Amino acid sequence: MVAPAGTRAGLDKRPDQVAAMFDQVARRYDVTNAVLSAGRDRGWRRATAEALRLAPGQRVLDLAAGTATSSRAFAERGVDVAACDFSIGMLRAGQSRLASRPPRAGTVRLVAGDGLRLPFADASFDRVTISFGLRNVADVDACLAELLRVTRPGGRLVVCEFSQPTWRPFRRVYLGYLMRALPAVARAVSSSPDSYVYLAESIRAWPAQAELAERLRAAGWAGVGWRDLTGGIVALHHGDKPAPAGQPANGQAVAGQGAERQAVDGPAAAAS
Ligand SMILES: C[S@@+](CC[C@H](N)C(=O)[O-])C[C@H]1O[C@@H](n2cnc3c(N)ncnc32)[C@H](O)[C@@H]1O
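Residues numbered from 1 in each chain as written. Predicted model: local features only at pLDDT ≥ 70, side-chain atom pairs only at ≥ 80, totals over all residues.

Engineer: So what exactly am I meant to see when it comes to the overall build of the chain here?
Structural biologist: Helix and strand counts for the chain stand at 9 helices and 8 strands. With 272 residues in all, the chain has 50% of them scored as buried. Long-range contacts, defined as pairs at least 24 residues apart, comprise 73% of the intrachain contacts of the chain with a sequence gap of at least 6. (Helix = DSSP H or I, 4+ residues; strand = E, 2+ residues; numbered from the N terminus. Buried ≥ 20, exposed ≤ 12 C-beta atoms within 10 Å, placed from the backbone. Contact = placed C-beta atoms within 7 Å.)

Structure follows, in structure tokens:
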């Protein structure tokens, strides 16, 4: 969920700076998240898996997968996950974790790739998802369009991202936490507390629920809606790729279609 470090990215989200920042926080990324979210991150990941409506055998793209924590949870539901990220440091941290604790079902394949130029063929996936990543990409609208391209008609997108608490008095308290307490807590648990200043700033600058929904629609997603989690600290947005007339909306993609072009560290599958 977090971001940068000594080389922390700015709100212009230059890809080289964003990737370098995540490389730097990779080792302690998951622990820091658990502390800063007071353990809530697990529930957010579970809700994301449910919103995806996964069924065994589906092909799933987890973009900006980081250390593949969510990817692993998706795989447990019997699906084959491409965990794609442009931070090699994050993917390596995920790779060692997957090697020591592989999913009991499904597969996770780690793929080095940029969300603005995905290394996948059109209509490769039944489900595409991005958790705490969309806020970090340099061009949100281009990324949403790229996700649409690689989704099969009738397939589904779920975006899990920080959002705006809906209850005004709580929103004020939360923004205070973000800007003051969070960097202080981060100093205690993270090796790169500067990253958490970026985290706070990027959350504050991020569009609220309705505006993000509008951007999904503008990118071509249909049936767009969202669900607030933890009072709106996080929102789960979903959308479906319109199916051409006469084609069932929930048909499966052809297995094996659209293979990844780049895998991390030679042997592609980190765990299966
Ligand atoms: C806050 S982390 C989220 C990681 C993971 N999804 C999770 O839920 O813990 C954001 C991730 O987005 C990745 N990222 C940002 N922009 C990206 C892009 N254009 N292409 C691929 N990955 C990107 C970063 O490298 C980082 O690993």
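That shown, we press on.
Engineer: Would you take a moment to explain the environment of Asp85 for this structure?
Structural biologist: Summarising the element assignment, Asp85 is placed in strand β2 (residues 80-85). In this structure Asp85 comes out as buried when scored by C-beta crowding, with 27 C-beta atoms within 10 Å. It is 8.6 Å that separates the C-alpha atoms of Asp85 and Asp62, two residues lying 23 residues apart in sequence.

Engineer: Would you mind showing me how to read the nonpolar core here?
Structural biologist: In terms of nonpolar packing, the biggest core is built from 70 residues, with Leu61, Leu63, Val81, Ala83, Cys84 and Leu147 touching the most fellow members. The element contributing the most residues to this core is helix α6 (residues 140-150), with 6 residues. The residues touching Leu147, leaving out its near neighbours within four places in the chain, are Leu63, Val128 and Leu157. (Core = buried A, V, L, I, M, F, W, Y, C linked by C-beta atoms within 7 Å.)

Engineer: How should I be thinking about the site of the ligand in this particular structure?
Structural biologist: The environment of the ligand is made up of 23 residues, and the closest members are Ala64, Gly66, Ser87, Gly115 and Ser131. Contributing elements (two or more residues each) for the shell around the ligand: α1 (15-25) and α4 (69-75). The biggest single contributor to the shell around the ligand is α1, with 4 residues. Grouping the amino acids of the shell around the ligand by side-chain chemistry returns 13 nonpolar, 8 polar and 2 charged. (Near = placed C-beta within 6 Å. Nonpolar A, V, L, I, M, F, W, Y, C, P; charged D, E, K, R; others polar.)

Engineer: I tried to follow the environment of Cys160 on my own but got confused; where do I start?
Structural biologist: Residue position: Cys160 is located in strand β5 (residues 151-162). Classification of Cys160 by C-beta neighbours within 10 Å gives buried; the count is 26. Once residues lying within four places of it in the same chain are set aside, the contact partners of Cys160 are Trp44, Thr48, Ser131, Phe132, Val234 and Leu236.

Engineer: Could you clarify how one ought to interpret the pairing of β5 in this entry?
Structural biologist: One face of the sheet, then the other: side chains in a regular strand alternate in exactly this way. Burial within β5 is extensive, with 11 of its 12 residues counted as buried. Following the chain from strand β4 (residues 125-131) across α6 to the adjacent parallel β5, one finds a crossover that is right-handed. Where β5 meets strand β7 (residues 234-240), 7 bridges bridge the pair, whose relative direction is antiparallel. Counterpart to Val159 in the pairing with β7 is His237. (Right-handed = clockwise from strand over helix to strand, strands pointing away. Pairing = 2+ DSSP bridges.)

Engineer: What is the right way to read the packing of α6 against helix α9 (residues 209-218) from this model?
Structural biologist: If you want to describe how two helices pack, look at the angle between their axes and the distance between the axes. Running from N to C, α6 and α9 cross one another at 50°; their axes reach a closest spacing of 9 Å. Comparing the axis directions of α6 and α9 gives the class oblique. The two elements α6 and α9 meet at a crossing, and its hand is right-handed. Judged by residue contacts, Val140, Asp141 and Leu144 of α6 engage Arg215, Leu216 and Ala218 from α9. Considered class by class, the residues forming the contact of α6 with α9 number 4 nonpolar, no polar and 2 charged. (Axes fitted to C-alpha atoms, helices over the stretch in contact; angles between N-to-C directions. Parallel < 35°, antiparallel > 145°, perpendicular 65-115°, else oblique. Left-handed = near helix turned anticlockwise from the far one by under 90°.)

Engineer: I'm lost on unusual backbone geometry in this one. Help?
Structural biologist: Most peptide bonds take the trans form, and the phi angle of most residues other than glycine is negative. At Ala38, a position not held by glycine, the phi torsion is positive, near 55°. Counting through the fold element by element, Ala38 comes out in the loop between α2 (29-36) and α3 (41-51). Judged by the 8 C-beta atoms lying within 10 Å of it, Ala38 falls in the exposed class. The residue Phe132 is not glycine, and still its phi comes out positive at about 55°. Taking the C-beta count within 10 Å as the criterion, Phe132 has 24 such neighbours and is therefore assigned buried.

Engineer: So what exactly am I meant to see when it comes to α6 here?
Structural biologist: Owing to its 3.6 residues per turn, the α-helix brings residues three or four apart onto one side. For α6, every residue scored as buried is listed here: Val140, Cys143, Leu144, Glu146, Leu147, Leu148 and Val150. Looking at the packing, one finds that the buried side of α6 touches β1 (59-63), β4, β5 and α9.

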